[in-house]
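Structural characterization, general
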Amino acid sequence: MERVLHVIDSLCSSQMHGRGYTHAGDKKAAKFIASHFQKAGLLPFQKNYFQEFPITVNTFARPMRLKIGKQLLREGIDYLPHPACPAGKGKFVLLIKDSLVLYHPKGEIWLTDKLVHRLEDEQNDAPRFIIRKDIFWEAVQKSKKFSFKIQPKLQKDYITQNVIGYVRGKEVPDSFLVFTAHYDHLGDLGKVYFAGANDNASGVAMLLELAYYFAQNPMRYSVAFMAFGAEEIGLLGSLFYTENPYFPLQNIRFLLNLDLFGTGEGGTTAVNGLVFTEEFQLLHHINNEYNYLTYIGARGKAPNSDHYYFSEKGVKSFFLYLQGDSWKHYHHIDDKPPLPLSGFQSAFQLIKTFAQRLGD
Ligand SMILES: [Zn+2]
């Protein structure tokens, strides 16, 4: 667990800038993962572990300021810019009509109970802000003056990367078990950044532990480890990989995608568990045999993480996530260490045993 904590802390550090596309945060994270691949002894498929691809993404590294009356609102805590927000500034008087809030005829403000950020690959024509309801209503009682300055940058054809390595199988090296986990997150937001501890430094930590284990304990089949970039912009890293695979997708015996591994006291759920029932039975059986996790659930298919384009192209796969009430920070700046990691070790044992039954 010492290495797990170190990996999560490193990926969530301010130097990685939320593993986004400013200050080369994505590249620092990719290099860090590659250094662990190397240390574990994984082989690259090409000259190195990196598979590069271009993306377009709106970014928020530069300072931003937003005020209602004299009250300065805090980015990430009190408000978020819309993910497709363009640059803009000005002083306005708020127009409030029931739940509709405008700062000028085209300038919208959305009110919310909970701030949830995401990424976009374009900019709208006017800045839009999402403000916490409680903060907003308290502030506008004192003043309806509204001012802001924001300077997002649309990064076009930014080169990011997947990080991919493998352990060669002893008997059937052309056939693969595949583990995947996205390492990117939401990046910088003015003075703050999205650390993405649960989403998905935790899954990368699990991916690396499996890499260390299977490099020391190779199986009949090969085992590939894929840390995908640009998941948060719409599964772009895994989409690129499935269109540019290193070996035929039909040679994948099974794929396990790991995303959100920071909890676990509520067990785990397998997306596609209702699709690949035989493998789900095996997972369930192993868990009952050894009493690893308190619960194993099955869902149908869902386009909610990096397993998706693989399963659309006929690859058998599960997306596994851990669950528990101990963590409520989703796409919020509070998704930062320390994580509960209540089911992490049990989940490792479960996944390791499942892979061995499938691959040996
Ligand atoms: Zn996410």
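What this report covers is the structure whose coordinates are included nearby. All figures in this text were calculated on a predicted structure; none of them were measured in a lab. (Residues numbered from 1 in each chain as written. Predicted model: local features only at pLDDT ≥ 70, side-chain atom pairs only at ≥ 80, totals over all residues. Heavy atoms only, no water.)

Some thoughts on the pairing of strand β19 (residues 317-322)
In terms of residue burial, β19 counts as a mostly covered element, since 6 of its 6 residues are buried. In β19, alternate side chains face the same way, and those of Ser317, Phe319 and Tyr321 on one face and Phe318, Leu320 and Leu322 on the other are all buried. Taken together, the 4 bridges between strand β16 (residues 252-258) and β19 define a ladder with parallel strand orientation. What sits directly across from Asn257, in β19, is Phe319. Where strand β17 (residues 268-271) lies against β19, 4 bridges are found, and the strand directions are antiparallel. Of the residues in β19, the one forming a bridge with Val271 is Phe319. (Buried < 20%, exposed > 50% of the residue type's maximum accessible area, 1.4 Å probe, protein only. Helix = DSSP H or I, 4+ residues; strand = E, 2+ residues; numbered from the N terminus. Pairing = 2+ DSSP bridges.)

A closer look at the coordination of the zinc ion
Of the protein atoms, only Asp199 (OD), Glu232 (OE), Glu232 (OE) and His331 (NE2) coordinate the zinc ion, at distances of 1.9 to 2.5 Å. Taken together, the 4 donor atoms surrounding the zinc ion define angles of 56 to 147° at the centre, an arrangement classified as irregular. One chain supplies every donor to the zinc ion, and in sequence these donors are spaced D-x32-E-x98-H. Residue Glu232 is located in the loop between β15 (221-228) and α5 (236-243), and its partner His331 is located in the loop between β19 and α8 (344-359); the two are separated by 99 residues in the primary sequence. The exposure class of Glu232 is buried, given its relative accessible area of 10%. (Donors = N, O, S within 2.8 Å, 3.2 Å for Na, K, Ca; no water. Tetrahedral: all angles 85-135°; square planar, octahedral: opposite > 155°, others 65-115°.)

Observations regarding the packing of helix α1 (residues 2-11) against helix α4 (residues 197-216)
Two elements in contact, α1 and α4, have axes separated by 9 Å at closest approach and are oriented at 135°. The orientation of α1 with respect to α4, classified from their angle, is oblique. Of the two elements, α1 crosses α4, and the hand of that crossing is right-handed. Contacts from Arg3, Val4, Val7, Ile8 and Leu11 of α1 reach α4 at Ala201, Ser202, Val204, Ala205, Leu208, Glu209 and Tyr212. Looking at side-chain class alone, the contact of α1 with α4 contains 9 nonpolar, 1 polar and 2 charged residues. (Axes fitted to C-alpha atoms, helices over the stretch in contact; angles between N-to-C directions. Parallel < 35°, antiparallel > 145°, perpendicular 65-115°, else oblique. Left-handed = near helix turned anticlockwise from the far one by under 90°. Contact = heavy atoms within 4.5 Å. Nonpolar A, V, L, I, M, F, W, Y, C, P; charged D, E, K, R; others polar.)

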